[in-house]
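What follows is the residue order along each chain.
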Amino acid sequence: MYEEILTRNEDVLGPHYEACELIVTIPDHGILTPEGAIERLGYDPREARTALPNEIRAMGDLAFIQAGTGVVAIDMLDPNGLTQSVTERLGGPGFRHWYMAMELSGRSSLYCRYGDVEGYVTDPDFEDLSDVEWRTRLGPLAPYADLISATFEEDAEFSESAAYLTAIELESGIQFTAELLQNPRLILPETVINWPPV
């Protein structure tokens, strides 16, 4: 049922996005721009600079791309929890928000927040994938439990990251295509971001 989307997302992630964080935020009404997203994070958009796609490789920089009525943010740093602690400010009342992390180790995780309702899934070590508890933790993403759990099987055809990205696409309407990722973006430099202490 989801095979075409999963295949496309697997191709888009490819080797270039094997370790990064992808954040999607969509307003319930109106349009959220990259400048607006930077303001929601508590920074001055004038501190950001316009950049080409190949300029998002600097570790610790945050890139913001307009996608429909919302924004995609990308951090090319191997996830360590800091990016989510900063970008979670994009969520909240009036917004739907997704955060996906892919680590060099191969682990991946997904978090979502619809207004005040949250859900998450982490790289599992379940003895029983039919366990109801982990499905409950998915919150608004519960309809995708079977899609996600299929990637946990030993002979899984698709990665967890592709499944997470597919769930985000189906919920947000944003397709992660090569064209989207080639759009102009605003870069908020690491030197500007007030990263919390590790």
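Relevant structure appears above.
Quick caveat, the model's predicted, so the values are computed rather than measured.

1. A word on the overall build of the chain
Then, number 1: A count of helical and extended segments in the chain gives seven helices and eight strands.
Then, number 2: Taking all 198 residues of the chain together, 52% fall into the buried category.
Then, number 3: Put simply, the chain shows about 9700 Å² of open surface, and 50% of that area lies on carbon and sulfur atoms.

2. So, the pairing of strand β3 (residues 62-67)
Consecutive residues of a regular strand have side chains that alternate between opposite faces of the sheet.
Then, number 1: Among the six residues in β3, five count as buried, and that is most of the element.
Then, number 2: Judged from the five bridges that link them, β3 and strand β4 (residues 70-75) form a sheet pairing that is antiparallel. Of the residues in β4, the one forming a bridge with Ala63 is Ile74.
Then, number 3: What sits between the antiparallel neighbours β3 and β4 is a turn of two residues, in which Gly68 has the positive phi angle 60 degrees.

3. Remarks on the sheet that holds strand β5 (residues 95-102)
Then, number 1: Reading across the sheet, the eight strands line up as β2-β8-β3-β4-β1-β5-β6-β7 and stay open at both edges, with antiparallel pairing between neighbours. Single-partner strands in this sheet number two, and they are β2 (49-51) and β7 (117-122). Direction aside, neighbouring strands of the sheet carry axes that sit 20 degrees apart on average.
Then, number 2: Note: β2 against strand β8 (residues 185-188), three bridges, orientation antiparallel. Within β8, the residue paired with Ala51 across the bridge is Arg185.

4. A closer look at the side chain of Asp61
Then, number 1: Looking at the secondary structure, you find Asp61 in the loop between β2 and β3.
Then, number 2: A distance of 2.7 Å separates a polar side-chain atom of Asp61 from the backbone nitrogen of Glu190.
Then, number 3: Other than its neighbours up to four places away in sequence, Asp61 contacts Arg49, Ile74, Asp75, Ile187, Leu188, Pro189 and Glu190.

5. A short note on the pattern of salt bridges
Then, number 1: Scanning the model with the defined rule gives four salt bridges in all.
Then, number 2: Note that Arg8 is salt-bridged to Glu169, the shortest N-O span being 2.8 Å. With a gap of 161 residues between them, Arg8 in helix α1 (residues 3-13) and Glu169 in helix α6 (residues 160-172) connect regions that are remote in the sequence.
Then, number 3: A residue is classified by how much of its surface remains accessible, and Glu169, at 7% relative accessible area, is buried.
Then, number 4: Put simply, Asp116 and Arg113 hold a salt bridge, and the shortest N to O gap is 3.3 Å.
Then, number 5: Look at Asp116 and you get exposed, because its relative accessible area is 60%.

6. Looking at the packing of α1 against α6
Then, number 1: For the pair α1 and α6, interaxial distance at closest approach is 9 Å and the crossing angle is 115 degrees. The way α1 lies across α6 gives a crossing that is right-handed. Where α1 abuts α6, its residues Ile5, Leu6, Arg8, Asn9, Glu10 and Leu13 lie against Ser161, Ala162, Ala163, Leu165, Thr166, Glu169 and Leu170.
Then, number 2: Residue composition of the contact of α1 with α6, grouped by class: seven nonpolar, three polar and three charged.

7. Describing α1
Then, number 1: Where α1 is concerned, the buried positions are Ile5, Leu6, Asn9, Val12 and Leu13. One side of α1 holds all its buried residues, which, seen down the axis, span an arc of 130 degrees. Residues of α1 that are exposed and point more than 90 degrees away from the buried face comprise Glu4 and Asp11.
Then, number 2: Of the residues one or two after α1, Gly14 is the one with positive phi, at around 40 degrees.

8. Let's talk about the pairing of β4
Then, number 1: Taken across its six residues, β4 has six buried, putting it largely inside the fold.
Then, number 2: Side chains Gly70, Val72 and Ile74 of β4 all project onto a buried face; the interleaved residues Val71, Ala73 and Asp75 project onto the opposite face, where all are buried too.
Then, number 3: The pairing of strand β1 (residues 20-27) with β4 spans five bridges and is antiparallel. Paired with Glu21 across the bridge in β4 is Asp75.

9. Focus: the nonpolar core
Then, number 1: If you look at the biggest cluster of nonpolar residues, it comprises 42 residues, and the most contacted ones within it are Leu22, Val72, Ile74, Met100 and Phe176.
Then, number 2: Top contributing element to this core by residue count: α6, with six residues.
Then, number 3: Non-local contacts of Met100, meaning those with residues more than four positions away in its chain, are made with Leu13, Cys20, Glu21, Leu22, Ser109, Leu110, Ser161, Tyr164, Leu165 and Ile168.
Then, number 4: In this structure, Ala37, Leu41, Val71 and Phe95 belong to the second largest nonpolar core, which totals 20 residues.

Calculation notes
Residues numbered from 1 in each chain as written. Predicted model: local features only at pLDDT ≥ 70, side-chain atom pairs only at ≥ 80, totals over all residues. Heavy atoms only, no water. Helix = DSSP H or I, 4+ residues; strand = E, 2+ residues; numbered from the N terminus. Buried < 20%, exposed > 50% of the residue type's maximum accessible area, 1.4 Å probe, protein only. Areas by Shrake-Rupley, 256 points an atom, 1.4 Å probe, with all protein chains shown as cover. Pairing = 2+ DSSP bridges. Axes fitted to C-alpha atoms, helices over the stretch in contact; angles between N-to-C directions. Polar contact = N/O pair within 3.5 Å; in protein donor to acceptor, adjacent residues only side chain to side chain. Contact = heavy atoms within 4.5 Å. Salt bridge = Lys/Arg side-chain N within 4 Å of Asp/Glu carboxyl O. Left-handed = near helix turned anticlockwise from the far one by under 90°. Nonpolar A, V, L, I, M, F, W, Y, C, P; charged D, E, K, R; others polar. Arc of directions from axis to C-beta. Core = buried A, V, L, I, M, F, W, Y, C linked by side-chain atoms within 4.5 Å.

Worth remembering: the numbers are spatial, not functional.
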